[in-house]
Amino acid sequence: MIPSLCLRQLYKSVPRLYNIPNELLKAESLALVPTHELVSKLGLVQYPKAGLVHWLPSGNAIRQKLEGLIRNEMNGTGAEEVSLSAISHSALWEQTGRWGGHELFKLKDSTGSHYCLVPTCEEEITHLVKQGLKSYKDLPVTYYQINTKFRDEKRPRSGLLRGREFVMKDAYSFDLTEEEALESYNKMIEAYASVFKKLRVPFVKAEADSGDIGGSLSHEWHYVHASGEDTLFTCLECGNVLNVERTLSYPHEEQQHDDVKVKYFTTDDEKTLVCAYYPGSRELQPLFLTEEIPDIDLSGRLSEEEVLALFKDEDTLINKKIVRIMDLRLNLRLNFPDFPINFINRSLITTLTDIPIVAAEEGELCHKCEEGSLTSKRAIEVGHTFYLGNKYSKALECQVEVPVDGAMKKQDVLMGCYGIGISRIIAAIAEINRDSKGLRWPAAIAPWELTVINLKEYGSDFLAAPFEGLDWRVDARPKIGLGRKIKDSQMMGIPLVAVVGKKWPLIEIEERGIRVALEATKALYDQKTFEWELTGDLDSDTTVKHLVHSDHAGAVVRAILTDM
């Protein structure tokens, strides 16, 4: 007999919010429901307003399991967990130049001081570490946190995928040398790969642009899916994978473009006019211009008219420069737009040709190997890692004194930052794994692993024995038939259903989760010494049913879950 305290812990009914609307029971109706609405109708989350979310018991269980999985990997890297305030004073953001961000939730307190709800914590964590650093011997150090972040998303949509509040794990490494900083970066890359492997959903790591976060090296982590907002390019020859913002490409052969467009930019010091010429049928990628003009201003603070106005005065033009950049798909025989500047000396103009500055298209040549063709796929970004260097430590004066040639010299600390979108992962997996029956959660993060349906209304101690140590719930809802209970469990995406009934002591176990491996189940089945009947093919993706003696049901369930 299991002690009563243990029974209260093990014998749990499905959540009270486990109340699936009747209209979802029809396959044709289910297929028409967008995934973000489906997770709400199934009682995992609720959206009080566009972009906001309430986590309900089943959704919160998924979230807590995912957070636990990530927390274990972060702890394994030696990172220490902290929890920073969700409100940050404007002073730090003004020092780093990020206070003007368009997606910051800004507020004022009763004294008129300006604050924001943090979307990420580079400023606060750098300031925190700066205050605690006493010696270079205190490094390296890595901190992480798991909590809610905020952004003033103008068009929140798709539920958890793009909201005004989101749950994120963000980590920050601090090192003394570039070698050590890259070692920390690579250690975190390995941890991220381990996280995504354990989630059992195929993922892609892609070279990416650092965007507003900054830094010289970054990678995005994606789930490939048609609903994604990002585009990834893969070279069929060298296998290189890049985000569209990092994919330079070349045409297979010379092309004829009748329409040539131009966009104007200036540099940070406003002394160089950059004229970017490109085919009118293609999309300019301004970030590519930084390869030739590292100090180009891409902030958008000046309109093109304002940029050109800086170069209208012929008396001051002699102290300025003009750089014309031609996309490699153009040739000088084409009709270019009229030049808008009256210049007095052609020596002020530099013309750069044969440079890719437009977004890649499928079928073009990879810029790295110059042999393979590019193929594109839509993807959902769920993580991003950045090597920041001294971008934030320099601005916030996070420095340590180090011994150099017998003297102590101040040096900027080198940083990396690493984000995983916990709510985005949950939304993405729901989107990717759903089928005609509903959701399908990987065993590692399912709200619970096993739904038990008790046809004979056996006592709790009777049910607990076969499933001790597993995360299971009993569907004890009155006046609900067996078929409906199985269908509801499958729609919720619970990996397994166990029916305890007239075949006792045999238990019927039906699979719902996606088997990504077979080793554990096959190994146990091949060496079984107990009654275990299979219906279905383990090697296929069809539903498999098991009839197993209750004394061994727990072992069978654990083996199946290991493969899910």
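Parameters at a glance
- Residues numbered from 1 in each chain as written.
- Predicted model: local features only at pLDDT ≥ 70, side-chain atom pairs only at ≥ 80, totals over all residues.
- Heavy atoms only, no water.
- UniProt positions renumbered as here; feature names shortened; annotations may be inferred.
- Helix = DSSP H or I, 4+ residues; strand = E, 2+ residues; numbered from the N terminus.
- Buried < 20%, exposed > 50% of the residue type's maximum accessible area, 1.4 Å probe, protein only.
- Contact = heavy atoms within 4.5 Å.
- pLDDT = per-residue confidence, 0-100.
- Pairing = 2+ DSSP bridges.
- Axes fitted to C-alpha atoms, helices over the stretch in contact; angles between N-to-C directions.
- Domains from an automatic or database assignment.
- Buried area = accessible area lost by both parts, 1.4 Å probe.
- Salt bridge = Lys/Arg side-chain N within 4 Å of Asp/Glu carboxyl O.
- Polar contact = N/O pair within 3.5 Å; in protein donor to acceptor, adjacent residues only side chain to side chain.
- Nonpolar A, V, L, I, M, F, W, Y, C, P; charged D, E, K, R; others polar.
- 1 Å grid on protein atoms, 1.4 Å probe; cavity = no way out; pocket = protein on both sides within 12 Å on 5 of 7 lines; lining within 4 Å.
- Points joined across faces, edges and corners; volume = space filled by probe spheres on them.

As annotated in an unreviewed UniProt entry, the chain is proline--tRNA ligase from Candidozyma pseudohaemuli. Listed under Catalytic activity (unreviewed entry) in UniProt, the entry text for the chain is "tRNA(Pro) + L-proline + ATP = L-prolyl-tRNA(Pro) + AMP + diphosphate". The record in UniProt for the chain states the following under Sequence similarities (unreviewed entry): "Belongs to the class-II aminoacyl-tRNA synthetase family."

Visitor: Can you help me understand the overall build of the chain in this one?
Guide: Helix and strand counts for the chain stand at 15 helices and 28 strands. Based on the C-alpha atoms only, the size of the chain along its principal axes is roughly 95 × 60 × 50 Å. The buried share of the chain, reckoned over its 564 residues, is 51%. In the chain, of all internal contacts separated by at least 6 residues, the share reaching a separation of at least 24 is 72%.

Visitor: Even after reading the chapter, I still don't get the confidence of the model for the chain, so can you show me in this structure?
Guide: If pLDDT is low for a region, its predicted coordinates should not be looked at in detail. Looking at the chain, pLDDT values average 90 and 95% of them are 70 or higher. With pLDDT under 50 throughout, residues 1–10 is counted as low confidence; its partners more than four residues away or in other chains account for 12 contacts.

Visitor: Mind showing me how you'd approach the sheet that holds strand E6 (residues 114–117) here?
Guide: Overall, antiparallel pairing links the 3 strands, which are arranged E4-E6-E5 in an open sheet. Pairing within the sheet leaves two strands with one partner each, and these edge strands are strand E4 (87–89) and strand E5 (105–108). Going across the sheet, the axis of each strand differs from the next one's by a mean of 35°, ignoring polarity.

Visitor: Looking at this structure, how should I read the domain arrangement of the chain?
Guide: The accessible area lost on association of the parts is a frequent measure of interface size. What the domain assignment reports for the chain is domain 1 (35–85 + 118–220 + 378–428), domain 2 (254–354) and domain 3 (448–563). Inter-centroid distance (C-alpha atoms) of domain 1 to domain 3 is 37 Å. Taken together, the contact pairs 5 residues of domain 1 with 9 residues of domain 3. Surface buried jointly by domain 1 and domain 3 totals about 580 Å² across both partners, of which 57% is contributed by carbon and sulfur atoms. Three residues, Leu42, Lys65 and Arg200, lead the burial of domain 1 against domain 3; their summed loss comes to 76% of the area buried on that side. At the junction of domain 1 and domain 3, the tally comes to 1 salt bridge. At the boundary of domain 1 and domain 3, one finds 3 residue pairs in polar contact (both at pLDDT 80 or more). By residue class, the composition of the side of domain 1 that touches domain 3 is 2 nonpolar, 1 polar and 2 charged.

Visitor: Honestly, the side chain of Arg151 in this entry has me stumped. Any pointers?
Guide: With respect to the element layout, Arg151 can be found in the loop between strand E7 (141–150) and strand E8 (165–175). In terms of polar contacts, Arg151 uses its side chain to reach the backbone carbonyl oxygen of Gly163, at 3.2 Å. Contact partners of Arg151, with chain neighbours within four places excluded, come to Glu103, Phe105, Leu161, Arg162, Gly163, Arg164 and Phe166.

Visitor: How should empty space enclosed by the protein be read in this particular structure?
Guide: Once rolled over the atoms, a probe with the size of a water molecule shows which space is left empty. Summed over the entire model, instances satisfying the criterion amount to 1 cavity of 30 Å³ or more. The volume enclosed by the largest cavity comes to roughly 30 Å³. Partitioning the lining of the largest cavity into residue classes produces 6 nonpolar, 1 polar and no charged.

Visitor: Would you mind going over the environment of Ser489 with me for this structure?
Guide: Checked against the element boundaries, Ser489 lands in helix H13 (residues 482–492). On the accessibility criterion, Ser489 (0% relative accessible area) is buried. Along the backbone, Ser489 and Asn335 are 154 residues apart, and their C-alpha atoms lie at a distance of 65 Å. Ignoring sequence-local partners within four residues, the contact set of Ser489 consists of Tyr18, Thr451, Ile494, Leu496 and Val497.

Visitor: Just to check I follow, could you spell out the pattern of salt bridges for this structure?
Guide: If the charged atoms of two oppositely charged side chains come close together, the side chains can form a pair. By the definition in use, this model includes 28 salt bridges. Between Arg162 and Glu229 there is a salt bridge, with its nearest N and O atoms 3.0 Å apart. On the criterion of sequence distance, the pair formed by Arg162 in the loop between E7 and E8 and Glu229 in the loop between strand E10 (217–224) and strand E11 (230–235) is long-range, its members being 67 residues apart. The salt bridge partner of Asp471 is Arg473, with a shortest N-O separation of 2.6 Å. Here the two residues Asp471 and Arg473 agree in accessibility, since each one is buried.

Visitor: Would you explain the layout of surface pockets in this entry?
Guide: Considered as a void within the structure, the second largest pocket measures approximately 270 Å³ in volume. If you trace the second largest pocket, you find 15 residues lining it, with Val499, Lys503, Glu508, Lys545 and Leu547 closest to the centre. Put simply, the parts of the chain that give the lining of the second largest pocket at least two residues each are H13, strand E26 (506–511), strand E27 (532–535) and strand E28 (545–549). Class assignment for the residues of the lining of the second largest pocket results in 6 nonpolar, 3 polar and 6 charged.

Visitor: I keep staring at the sheet that holds E27 and nothing clicks. Help me out?
Guide: Strand pairing in a sheet relies on backbone hydrogen bonds. The paired strands run either parallel or antiparallel. Here 6 strands make up an open sheet; going across it, the order is E24-E23-E25-E26-E28-E27 and the pairing mixed. Whereas interior strands pair on both sides, the edge strands pair on one side only; in this sheet they are strand E24 (472–474) and E27. If you compare each strand with its neighbour and ignore which way they point, the axes differ by 20° on average. Contacts from H13 reach strand E23 (450–454), strand E25 (496–500) and E26, with the element oriented near 160° to E25.

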